[in-house]
Structure formats: structure tokens, C-alpha cells
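Structure assessment
So the chains spell out like this:
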Amino acid sequence: PFVHVARLKNDDFNFANMSKGKPDKKKPDGKIFPVNISKIAIVDGKLFWEDYHLDKSVQEKMTPINLSIDNFTTNADKQSKLGITLALMSGGKLDWKGKIGVNPITSHGHISLDNIKLPTLLALAAPNKPAFDLHGTERFSADYTLDYSKDSLKLSLSKTKLALIDLRFTKQQP
């Protein structure tokens with residue numbers, strides 16, 4: 001599959017007009033509809049991302065995207081096996097393996113980001129133009145545990161490694 005996502009200057013997305021329906025006036029009862037799916041997969045997917053709301057627009061192609069979720073369920077306290085890999089055309093890749101649950105939202109596993117260019121990360125992390133330029137690449141990996149229950153988010157990282165390769169930091173002239 002191929003997906004094109006664009007975030008426009010006014011902060012809308014290129015698909016915002018797809019959901020112009022009237023809001024449901026029923027109050028949710030807090031229960032999640034029971035769903036069980038044995039396998040969800042995306043093989044060799046492609047995503048083209050454009051972000052024009054930043055001071056400097058960002059474009060990125062991600063291919064291939066491979067996603068695998070085994071035994072997905074919304075049943076309480078059950079987890080599914082998750083695997084995601086993707087490569088950025090500008091360089092770098094993501095590898096994420098773990099378990100996820102949706103009732104409550106939980107996840108644990110291992111994530112790594114390898115050789116992603118620092119200007120790309122800076123554009124996403126600091127949407128307003130920072131007073132410096134950053135160049136180089138990164139390597140990040142960690143085991144993680146995430147829990148979002150009782151209106152509280154808890155994230156813990158262990159076995160964390162971060163390397164900045166060919167780092168150049170330059171202050172911009174006014």
C-alpha cells in the first residue's frame with residue numbers, strides 16, 4: 001500500500017475533509033468492543049510525508065514499511081505481538097519489536113533508530129526554527145515499558161544506548 005500524508009500550513013491534514021460527519025451524541029459507556037484478529041500485516045508499504053506547517057517544510061519517503069501484529073485483541077489485559085520496520089529515503093531506519101495491549105494501553109519491547117539524520121529529527125522536535133544548525137546522524141536503542149492506565153502515562157527505558165555520529169552544531173548568525 002501507498003499513503004500520502006500532508007500537514008498544511010494551517011495545521012490541517014490533506015485528509016481532514018474525509019470526516020465531516022455529525023458527532024455522535026451518545027455518551028460512551030467506557031467499554032471497548034471485543035475484537036480478535038489473528039494476523040495484521042503490511043508488507044513493503046510506502047508512506048510519503050510532507051509537513052508545511054514548520055518554518056522549513058519537511059518531506060520524507062518511508063519505504064519499505066513492514067508491520068506485523070499477531071493475535072491482536074481488545075480484550076482486557078491481553079497483549080499482541082508487534083513488529084515494525086521501516087527505512088527513510090533520507091537515510092536511517094526504525095526497528096520496533098514488542099508486545100502491545102489496548103485495554104489498558106500497554107507495551108514493552110525493544111526499539112532502535114539507526115542512522116537518522118539529525119536535521120530531520122531537529123525539524124520534527126523543534127518545529128519553530130531554532131537558533132542553531134545541527135548535522136550528523138544518530139544511533140539509539142532501548143528496551144522499554146509503557147503503561148497508560150488510570151489517566152497516567154509511565155514510560156521506562158533500560159539498556160539504553162545513544163550515539164551521535166559526526167555531530168556538528170553551529171549557531172546561526174542573526
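Quick caveat: nothing in here was measured; it's all calculated off a predicted structure. (Residues numbered from 1 in each chain as written. Predicted model: local features only at pLDDT ≥ 70, side-chain atom pairs only at ≥ 80, totals over all residues. Heavy atoms only, no water.)

1. Digging into the pairing of strand β5 (residues 93-102)
- Where strand β4 (residues 80-88) meets β5, eight bridges bridge the pair, whose relative direction is antiparallel. Bridging from a neighbouring strand, K81 pairs with K99 of β5.
- Remark: four residues form the turn of the hairpin made by β4 and β5, two consecutive strands paired antiparallel; G91 in that turn has positive phi of roughly 115 degrees.
- Examined bridge by bridge, β5 and strand β6 (residues 105-117) share ten bridges and lie antiparallel to one another. Residue pairing for β6: I100 is matched across the bridge by S107.
- The hairpin turn running from β5 into β6, its antiparallel successor, is two residues long. (Pairing = 2+ DSSP bridges. Helix = DSSP H or I, 4+ residues; strand = E, 2+ residues; numbered from the N terminus.)

2. Re the pattern of salt bridges
- Taken as a whole and judged by the stated rule, the model has five salt bridges.
- Residue D95 is joined to K97 by a salt bridge in which the shortest nitrogen-to-oxygen separation is 2.9 Å.
- Residue classification places D95 among the partly exposed positions, given a relative accessible area of 28%.
- On the accessibility criterion, K97 (47% relative accessible area) is partly exposed.
- The salt bridge involving D143 is made with K159; its shortest N-O contact spans 3.9 Å. Taken as a pair, D143 in strand β7 (residues 132-149) and K159 in strand β8 (residues 152-171) lie far apart in primary sequence, 16 residues in all. (Salt bridge = Lys/Arg side-chain N within 4 Å of Asp/Glu carboxyl O. Buried < 20%, exposed > 50% of the residue type's maximum accessible area, 1.4 Å probe, protein only.)

3. Digging into the side chain of E50
- Of note, E50 is situated in strand β2 (residues 36-51).
- Notably, E50 is buried but unbridged: the nearest opposite-charge side chain belongs to K61, and the N-O separation is 9.5 Å.
- Once residues within four sequence positions are removed from consideration, E50 is found in contact with H4, V5, A6, R7, V58 and Q59. (Lys, Arg positive; Asp, Glu negative; His and termini not counted. Contact = heavy atoms within 4.5 Å.)

4. A closer look at a nonpolar patch on the surface
- Together, I105, Y148 and L153 make up an exposed nonpolar region whose accessible area comes to about 290 Å².
- Mapped onto the fold, I105 is located in strand β6.
- I105 sits in the partly exposed class, given a relative accessible area of 41%. (Patch = residues over 30% accessible without salt bridge, like charges linked within 9 Å, V, L, I, M, F, W, Y side chains within 5 Å. Areas by Shrake-Rupley, 256 points an atom, 1.4 Å probe, with all protein chains shown as cover.)

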